[in-house]
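Working through the structure, step by step
Listed below are the residues making up each chain.
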Amino acid sequence: MASVSEWIEGARPRTLPNAIAPVLVGTGAAASIGGAVWWKAVLALVVSMSLIIGVNFANDYSDGIRGTDDERVGPLRLVGSKLASPAAVKTAAFACFGLAAVVGVVLALTSAWWLILVGAVCIAGAWYYTGGRNPYGYSGFGEVAVFVFFGLVAVCGTQFVQAERVDWVGLVAAIAVGSFSSAVLVANNLRDIPTDAESGKNTLAVRLGDAGTRTLHLALLVVPFVVTLVLVARTPWALVGLVAVPLAVKANAPVRSGGQGLALIPALAGTGVAMLVWGIATALGLGLG
């Protein structure tokens with residue numbers, strides 16, 4: 001039976017920046033038009049964190065029962081390592097999705113009812129990433145889904161529930177966060193190209209190949225800093241987002257140096273850290289503006 005610490009590791013806390021950054025940036029975008037509401041930001045954070053932990057457990061379950069994680073290089077997987085039963089991990093995933101649904105309904109009822117439908121699509125997307133008969137994550141669409149759900153939907157949704165509208169700042173900031181989030185997954189899938197290809201998991205990294213995936217990671221890390229320059233049109237304080245440039249350069253270092261396997265784990269963690277720092281700085285900059 002898995003210990004508490006193993007369950008925590010199985011939840012993959014290193015991916016939490018993917019959940020935290022979009023809420024921070026969306027709140028900053030709302031503040032820039034005078035619409036920030038702290039308690040709605042907190043609820044949005046609960047939804048976002050519940051979804052990402054839920055999708056991590058769902059991936060653990062689905063990949064585990066398919067045997068994809070049998071020869072895994074990287075963070076602990078509960079089912080693949082046989083530390084927890086598939087049923088227990090599946091239950092944990094749906095408990096997280098349930099929490100996200102309940103809190104999401106509260107946000108929807110205090111802003112716009114149709115957000116319930118958006119939430120349902122997000123939960124379905126989280127499950128079918130690696131779940132079901134034809135998981136889209138096995139067909140190379142994982143990065144697109146991450147860009148949409150943890151970029152566009154998360155940032156724009158956070159701004160909308162607080163300010164009751166989405167402006168151009170929220171949209172371009174969402175593109176930046178989506179690029180960061182996709183870069184995290186690209187780093188992860190670059191590391192797993194050999195085992196994923198062998199198990200039939202045709203991620204975008206498998207399709208692009210090693211060299212193409214490394215180029216994609218760099219391109220995705222450039223986008224947020226281009227967005228930073230664009231956000232200067234709202235406020236010069238947006239330039240504080242450039243504080244994350246050294247972190248992004250460091251995160252990309254194992255990728256551009258040709259690192260393989262375990263050597264790429266710092267790229268995965270570093271990309272998440274760069275995203276979080278960019279998110280904090282940008283949210284503060286937009287708020288000050």
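Residues numbered from 1 in each chain as written. Predicted model: local features only at pLDDT ≥ 70, side-chain atom pairs only at ≥ 80, totals over all residues. Heavy atoms only, no water.

Glancing now at the overall build of the protein chain. Of the regular secondary structure elements, the protein chain holds 11 helices and zero strands. Starting at the N terminus and walking to the C terminus, you meet the elements of the protein chain as α-α-α-α-α-α-α-α-α-α-α. For a compact globule of 289 residues, the expected C-alpha radius of gyration is about 19 Å, and the protein chain comes in at 18 Å, within 12% of that figure. By its C-alpha atoms, the protein chain is 50 × 45 × 30 Å across when sized along the principal axes. Put simply, the protein chain has 289 residues, and 52% of those count as buried. Element-wise, carbon and sulfur atoms account for 71% of the exposed surface of the protein chain, whose accessible area totals about 12,100 Å². Side-chain charges in the protein chain split into 17 positive and 14 negative, and the spacing between the mean points of these groups amounts to 5 Å. (Helix = DSSP H or I, 4+ residues; strand = E, 2+ residues; numbered from the N terminus. Rg over C-alpha atoms; globule rule 2.2 N^0.38 Å. Buried < 20%, exposed > 50% of the residue type's maximum accessible area, 1.4 Å probe, protein only. Areas by Shrake-Rupley, 256 points an atom, 1.4 Å probe, with all protein chains shown as cover. Lys, Arg positive; Asp, Glu negative; His and termini not counted. Charge placed at Lys NZ, Arg CZ, Asp CG, Glu CD.)

Next up on the list: the environment of Ser182. Structurally, Ser182 can be placed in helix α7 (residues 168-191). Take Ser182: its relative accessible area is 3%, and that puts it in the buried class. Residues Ser182 and Ala211, 29 residues apart in the sequence, show an inter-C-alpha distance of 17 Å. For Ser182, the residues in contact, after removing those within four places along its chain, are Glu143, Val146, Phe147 and Leu220. (Contact = heavy atoms within 4.5 Å.)

This brings us to helix α4 (residues 86-109). The periodicity of an α-helix, 3.6 residues per turn, causes residues three or four positions apart to be oriented the same way. Taking 1.5 Å as the rise per residue, α4 with 24 residues should run 34 Å; its terminal C-alpha atoms sit 35 Å apart, in good agreement. The complete set of buried residues in α4 reads Val89, Ala92, Ala93, Cys96, Phe97, Ala100, Val103, Leu107 and Ala108. Contacts made by the buried residues of α4 are with α1 (4-10), α3 (38-66), α5 (115-128) and α6 (142-163). (Expected span 1.5 Å × (residues − 1).)

The geometry of a pair of packed helices is captured by two quantities: the angle between their axes and the separation between those axes. In contact at an axis separation of 8 Å, α3 and α5 are set at 30° when each is read in the N-to-C sense. Between α3 and α5, the angle falls in the class roughly parallel. Facing α3, whose interface residues are Leu51, Val55, Ala58, Tyr61 and Ser62, α5 presents Cys122, Ile123, Ala126 and Trp127. Of the residues assigned to the contact of α3 with α5, the class counts are eight nonpolar, one polar and no charged. (Axes fitted to C-alpha atoms, helices over the stretch in contact; angles between N-to-C directions. Parallel < 35°, antiparallel > 145°, perpendicular 65-115°, else oblique. Nonpolar A, V, L, I, M, F, W, Y, C, P; charged D, E, K, R; others polar.)

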